[in-house]
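# Structure assessment
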Amino acid sequence: MRISTAREIKAQLLSDATVLAAEAEVAPVPGRTDVAVGVGLLGVRRYGVAVRFSEGSPLSGDMVARGLALAGDDCDIREVGAVRPQQWTPQDMQARSRPLRPGLSVAHVAVTAGTIGAFVSSGEDGAVLVLSNNHVLADSDRASAGDVVVQPGPADGGSVGGDRIGVLHRAVPLRLGGTNVVDGATATVDEGVDVEIAHPAGMLAGWVAADDDDHVEKVGRTTGLTRGRITAIELDGLRVEYPVGTVTFDDQIEVASDGPGPFSAGGDSGSIVYAPDRLRAVGLLFAGSERGGPEGQGLTYCNPFGVVLDQLGVRLMQP
């Protein structure tokens, strides 16, 4: 299937979902994920349609039937359970570490723990900034600029007294009543706190759009260095459950594990997903599903990295 055809079918399915929801008088309900539709990556230069739904979704039966009717064998259907921000779990607690580096535990003082994704800078003063998620550094819009950020995160023992590394700089707001593309935020690193900007594969040279069944890696606070492959792009209608409510995202990237364990787990939020062969960032990891991935391990969701940089007004730091 051509990518243009996949996009046309995706648009038709999203339109069908709107009509079906209206006919069934289905309203968004916290704790339930509605059907999401994207361009499925079925192989190198082989495209299809990705349909994702949670257990019990009232639209799943009709949407699956319509997807199969329009795309046939090129319709990739998965029941993924609830989709939540990748927040802290008790596994693999991370220690205090200096210099700071990608993959370490980090968080706002009122949050449990997430991950340092990368180091960026803005055009304002060239200060070193930590890049992670809004829900990691800005407590899902409940924090204020200047709030303290600690490494490790509080769930890993971090405290204001001895573990402060900087303060909240900027966050992309999460819109409960509209669509979102980015769950992102930055924190200004305090003077005197050293950073090491390289990822395990080397220094990232920039970013690239996700495409063509890309094989990717990430390094995160909970699962460390893992490998995966992109299984869908341009995923619209992804509903993610936050402490402040359910937030809808469009144009998202989906990643499945390409190894013996999951690609990500709670606490990996904020990790950079990158293409190791090109040393370029692809996405900012922010959420994961309960199921739907290989061996039922769940799927990972990422914001397109170029949009993250644009909405935060920053650029990747280079040596």
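Analysis parameters
Residues numbered from 1 in each chain as written. Predicted model: local features only at pLDDT ≥ 70, side-chain atom pairs only at ≥ 80, totals over all residues. Heavy atoms only, no water. Pairing = 2+ DSSP bridges. Helix = DSSP H or I, 4+ residues; strand = E, 2+ residues; numbered from the N terminus. Buried < 20%, exposed > 50% of the residue type's maximum accessible area, 1.4 Å probe, protein only. 1 Å grid on protein atoms, 1.4 Å probe; cavity = no way out; pocket = protein on both sides within 12 Å on 5 of 7 lines; lining within 4 Å. Points joined across faces, edges and corners; volume = space filled by probe spheres on them. Nonpolar A, V, L, I, M, F, W, Y, C, P; charged D, E, K, R; others polar. pLDDT = per-residue confidence, 0-100. Contact = heavy atoms within 4.5 Å. Polar contact = N/O pair within 3.5 Å; in protein donor to acceptor, adjacent residues only side chain to side chain. Phe/Tyr/Trp six-rings, centres within 6.5 Å; stacked < 30°, edge-to-face > 60°. Lys NZ or Arg CZ within 6 Å of the ring centre and 35° of its normal. Salt bridge = Lys/Arg side-chain N within 4 Å of Asp/Glu carboxyl O.

## Comments concerning the sheet that holds strand β16 (residues 238–242)
Spatially, three strands are ordered β11-β17-β16 in an open sheet, and the strand pairing comes out mixed. Each end of this open sheet is capped by a strand with a single partner; those strands are β11 (179–180) and β16. Two strands pair when backbone bridges link them, and β11 and strand β17 (residues 245–249) are joined in this way by two bridges, in the parallel orientation. Its bridge partner lying in β17, Asn180 is registered against Phe249.

## Digging into the pairing of strand β21 (residues 300–304)
With five of five residues buried, β21 lies mostly within the body of the structure. Relative to β21, strand β18 (residues 252–257) is paired through three bridges, and the arrangement is antiparallel. By the bridge assignment for β21, Glu254 is matched with Tyr301. In terms of strand pairing, strand β20 (residues 280–289) meets β21 through five bridges, oriented antiparallel. Its bridge partner lying in β21, Leu285 is registered against Cys302.

## Brief notes about the layout of surface pockets
Where empty space is left becomes clear once a probe the size of a water molecule has been rolled over the atoms. For the second largest pocket, the calculated volume is near 190 Å³. Lining the second largest pocket are 16 residues, and of these Ala209, Ala210, Asp251, Ile253 and Pro304 lie nearest its centre. For the lining of the second largest pocket, the secondary-structure elements that each account for two or more residues are α1 (3–24), β15 (224–236) and α5 (305–312). A per-class count over the lining of the second largest pocket returns 11 nonpolar, one polar and four charged.

## What to know about the sheet that holds strand β6 (residues 114–115)
Reading across from one edge, β6-β5-β9-β10-β12-β8-β7-β22 is the order of the eight strands in this open sheet, with antiparallel pairing throughout. Two strands in the sheet have a free side with no partner beyond their single neighbour: β6 and β22 (314–316).

## Examining the environment of Leu299
In this structure, Leu299 sits in the loop between β20 and β21. Taking C-alpha positions, Leu299 is 23 Å from Ala185, a pair spaced 114 residues apart along the chain.

## Re the confidence of the model for the protein
Looking at the protein as a whole, its pLDDT mean stands at 90, while 94% of the residues score no less than 70. Here residues 28–33 is a poorly scored stretch, pLDDT under 50, and it has 19 contacts once near neighbours within four places are set aside; other chains count.

## With respect to unusual backbone geometry
With an omega of 5 degrees, the peptide bond between Arg98 and Pro99 qualifies as cis. Examined against the element boundaries, Pro99 turns out to sit in the loop between β4 (83–85) and β5 (105–108). Following Gln151, the chain continues into Pro152 via a peptide bond in cis, with omega recorded as 0 degrees. Position of Pro152 among the secondary structure elements: in the loop between β9 (148–150) and α4 (160–163). The backbone phi angle of Asp141 is positive, close to 75 degrees, even though this residue is not glycine. Tracing the chain through its elements places Asp141 in the loop between α3 (134–137) and β9. Backbone geometry places Glu234, a non-glycine residue, at a positive phi of 55 degrees. Relative to the helices and strands, Glu234 resides in strand β15.

## Concerning the side chain of Ser271
Residue placement: Ser271 occurs in the loop between β18 and β19 (272–275). Exposure remark for Ser271: the relative accessible area of 0% places this residue in the buried category. A distance of 3.4 Å separates the side chain of Ser271 from the backbone oxygen of Val219, its partner in a polar contact. When sequence neighbours within four positions are dropped, the list of residues in contact with Ser271 reads Thr115, Gly117, Lys218, Val219, Gly220, Gly283, Leu284 and Leu285.

## Notes on the environment of Gly161
In this structure, Gly161 sits in helix α4. Distance in space between the C-alpha atoms of Gly161 and Val150 is 9.4 Å, their sequence separation being 11 residues.

## Quick word on empty space enclosed by the protein
A full pass over the atoms with the stated rule returns one cavity of 30 Å³ or more. By volume, the largest cavity amounts to about 60 Å³. Taken together, Ala118, Phe119, Ile197, His199, Met203, Leu204, Leu316 and Met317 form the lining of the largest cavity. In terms of residue class, the lining of the largest cavity is made up of seven nonpolar, one polar and no charged.

## Description of the side chain of Asp156
Tracing the sequence through the fold places Asp156 in the loop between β9 and α4. Side chain to side chain, Asp156 and Ser105 meet in a polar contact 2.7 Å long.

## Regarding the packing of aromatic side chains
Scanning the model with the defined rule gives two aromatic pairs in all. Just above the ring of Phe263 sits the side chain of Lys218; from NZ or CZ to the centre is 5.6 Å.

## A word on the pattern of salt bridges
For the structure on display, the rule yields 16 salt bridges. Asp76 is the partner of Arg78 in a salt bridge, and the nearest nitrogen-oxygen pair spans 3.2 Å. Overall, Arg78 belongs to the buried group, its relative accessible area being 15%. For Arg278, the salt bridge identified is with Asp277, shortest N-O distance 4.0 Å. Connected through salt bridges with shared partners, the residues Arg52, Asp76, Arg78 and Glu254 form a single ionic network.

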